[in-house]
Amino acid sequence: MSKHLTLFMICLFAGSSFGQKSLFKVVHDKPVVTLEARIGKYWNIQQPDDSLSPTQYDHLKAISQGIRYDFSALYHFGEYFEIGLTFSGLTTSHTVEDVNILVVDPQGDTLNLYGDLVEGVNQSFFGPRLDARIKLGSFMYLRPGISVGYLNYENKTNAAGYKYALKGGTLGVDIHASLQYKADDNWGIMIAASIMPTFIYEPTVEFENGGSLVYTGGLLNVGHYHVGAGISYTFTKKNKDAMPAYF
């Protein structure tokens, strides 16, 4: 009788051990600093007017979109926020061959040129960034946030050998969100989107041969929106405060 009871207790214990989940929770390391890199495509908020000639429209459409890249270093404070610094760069260029080009020189005279039109736009943005971290399940995080910093704008043009650049800077605000998948405590991948509504007041036209003009159009709309993807690496420390807990 005692042998049968002992065998029954062993079978019952084994069944209960294999038939249920682990009695302990997984305790993750604490995130400390995250390094993040992203790349994507951007589009200007202001698009060319349909009333332009086909050549003008196609050229302006081409330089109203391009590549955006971002690098950030973020410090985690608490479970739900991260703060740090971010840098964003935007670049695009386009060439139109054998066209008539009207250019205003530093004296205010209009020049009628013929040849290739090469135009390239570069923007850079640098400033502090604040994100919230909203956990969606075990491996996903929604990270809405905002960055405020200085935006530098430069549009370089080579009009049939006559070179000039439109330059300016202003305070920029980038409103963004990303959906991050954490493969483990360290590595993550993400998709991201943002919008940066930005205007520069009276930028300056600088000519390669000397002289400059003030842009007379008032506010220059350099705002854009973008979508992209990226990768992140998080430095962690052991979570000494948390102890394994029963379900």
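Here the structure is a predicted model, which is why all the values come from computation and not from measurement.

Caption draft 1: Geometry of the overall build of the protein. A count of helices and strands for the protein gives two helices and 13 strands. Scored against the burial criterion, the 247 residues of the protein give a buried share of 34%. Taking all contacts inside the protein whose residues are at least 6 apart in sequence as the whole, residues at least 24 apart take part in 67%. Looking at the protein as shown, the accessible area adds up to about 14900 Å², and 63% of this sits on carbon and sulfur atoms.

Caption draft 2: The arrangement of the pattern of salt bridges in detail. What the rule picks out here adds up to 12 salt bridges. Arg38 serves as the salt-bridge partner of Asp70, at 4.0 Å between the closest nitrogen and oxygen. Placement of Asp70 in strand 2 (residues 65–77) and of Arg38 in strand 1 (residues 30–44) is noted, with a sequence separation of 32 residues between them. There is no split in this pair, since Asp70 and Arg38 are both buried. The partner of Arg129 in a salt bridge is Asp131, with the nearest N and O atoms 2.6 Å apart.

Caption draft 3: Spatial organisation of the side chain of Asp174. Its place among the elements puts Asp174 in strand 7 (residues 162–182). In this structure the side chain of Asp174 is engaged in a polar contact, spanning 3.4 Å, whose partner is the side chain of Ser194. Other than its neighbours up to four places away in sequence, Asp174 contacts Arg68, Phe125, Gly145, Ile146, Ser147, Ser194, Ile195 and Met196.

Caption draft 4: Spatial organisation of the nonpolar core. Of all hydrophobic cores here, the largest spans 18 residues; its most connected members are Ile101, Leu117, Leu151, Tyr153 and Val222. Only strand 3 (81–104), strand 4 (110–132), strand 6 (140–159), strand 7 and strand 10 (204–207) provide two or more residues apiece to this core. If one sorts the elements of this core by residue count, strand 3 sits on top with four residues. Not counting chain neighbours up to four residues away, the residues in contact with Ile101 comprise Leu111, Asn112, Leu113, Gly115, Asp116, Leu117, Ala159 and Ala160.

Caption draft 5: Layout of the packing of aromatic side chains. All chains considered together, the criterion is met by nine aromatic pairs. Members of the aromatic cluster, connected to one another through ring pairs, are Tyr69, Phe71 and Phe87. For the cation-ring pair, Arg133 lies above Tyr141, with the distance from its terminal atom to the ring centre recorded as 4.3 Å.

Caption draft 6: Fine view of the side chain of His76. In this fold, His76 is placed in strand 2. Owing to a relative accessible area of 6%, His76 belongs among the buried residues under this scheme. If near-sequence neighbours (up to four positions away) are discounted, His76 is found in contact with Pro31, Val32, Val33, Thr34, Phe81, Glu82, Arg133 and Thr234.

Caption draft 7: Structural detail: the confidence of the model for the protein. For the protein, per-residue confidence averages 87 on the pLDDT scale, and residues scoring 70 or more make up 85% of the total. The model gives residues 7–26 a pLDDT under 50, and that stretch makes 10 contacts with residues more than four places away or in other chains.

Caption draft 8: Representation of the pairing of strand 2 within the structure. In this sheet, strand 2 lies alongside strand 1 in antiparallel orientation, the contact comprising 11 bridges. Each bridged residue has a counterpart across the sheet, and for Ile39 the counterpart in strand 2 is Tyr69. Bridge count for strand 2 against strand 3 is 11 bridges, and the pairing is antiparallel. Following the sheet pairing, Tyr69 is matched in strand 3 by Gly89. The turn linking strand 2 back onto strand 3 is made up of three residues, and Gly78 within it adopts a positive phi angle of 75°.

Caption draft 9: Layout of the environment of Thr216. Note on placement: Thr216 falls in the loop between strand 11 (212–214) and strand 12 (219–221). Sequence separation between Thr216 and Pro203 is 13 residues, and the spatial gap between their C-alpha atoms is 8.5 Å.

Caption draft 10: Local environment of the pairing of strand 7. As judged from the 20 bridges shared by strand 6 and strand 7, these two strands associate in the antiparallel manner. Considered in strand 7, the bridge of Pro144 is made with Ala177. What sits between strand 6 and strand 7 in their antiparallel hairpin is a turn of two residues, with Ala160 showing a positive phi close to 55°. Sheet topology note: the strand 7/strand 10 ladder contains four bridges and is antiparallel. When the bridges of strand 10 are listed, Leu166 appears paired with Val205. Connecting the antiparallel pair strand 7 and strand 8 (residues 187–196) is a turn made up of four residues.

Thresholds, definitions, all that
Sequence order as written defines the numbering, with residues in each chain counted from 1. Confidence filtering applies because this is a predicted model: local features only for residues at pLDDT of at least 70, side-chain atom pairs given and counted only at 80 or more, and all residues used for totals across whole chains, interfaces and linings. Side-chain calculation: all heavy atoms of the structure are included, whereas hydrogens and water are not. Numbered from the N terminus, helices here are DSSP runs of H or I no shorter than four residues, and strands are runs of E no shorter than two. Think of it in three bands: with a 1.4 Å probe and only protein chains considered, a residue is buried below 20% of the maximum accessible area for its type, exposed above 50%, and partly exposed in between. What makes two residues a contact is simply this: any of their non-hydrogen atoms within 4.5 Å. Note that accessible areas follow from Shrake-Rupley with a 1.4 Å probe, and for residues the cover is restricted to the protein chains shown. Should a side-chain nitrogen of Lys or Arg be within 4 Å of a carboxyl oxygen of Asp or Glu, the pair is scored as a salt bridge. Counted as a polar contact is a pair of N or O atoms within 3.5 Å, where, for protein atoms, one must be capable of donating a hydrogen and the other of accepting one, and residues adjacent in sequence contribute only when both atoms are in side chains. In these notes, a set of buried Ala, Val, Leu, Ile, Met, Phe, Trp, Tyr and Cys residues joined through side-chain atoms within 4.5 Å is what counts as a nonpolar core. Aromatic contacts are taken between Phe, Tyr and Trp rings whose centres are within 6.5 Å, Trp giving its six-membered ring; a plane angle under 30 degrees counts as stacked, one over 60 as edge-to-face, and the others as tilted. By definition, being over a ring means that NZ of Lys or CZ of Arg is both within 6 Å of the ring centre and within 35 degrees of the ring normal. Each residue carries a pLDDT score, the predictor's own confidence in it, on a scale running from 0 to 100. The pairing criterion for strands is at least two bridges between them, as found by DSSP.

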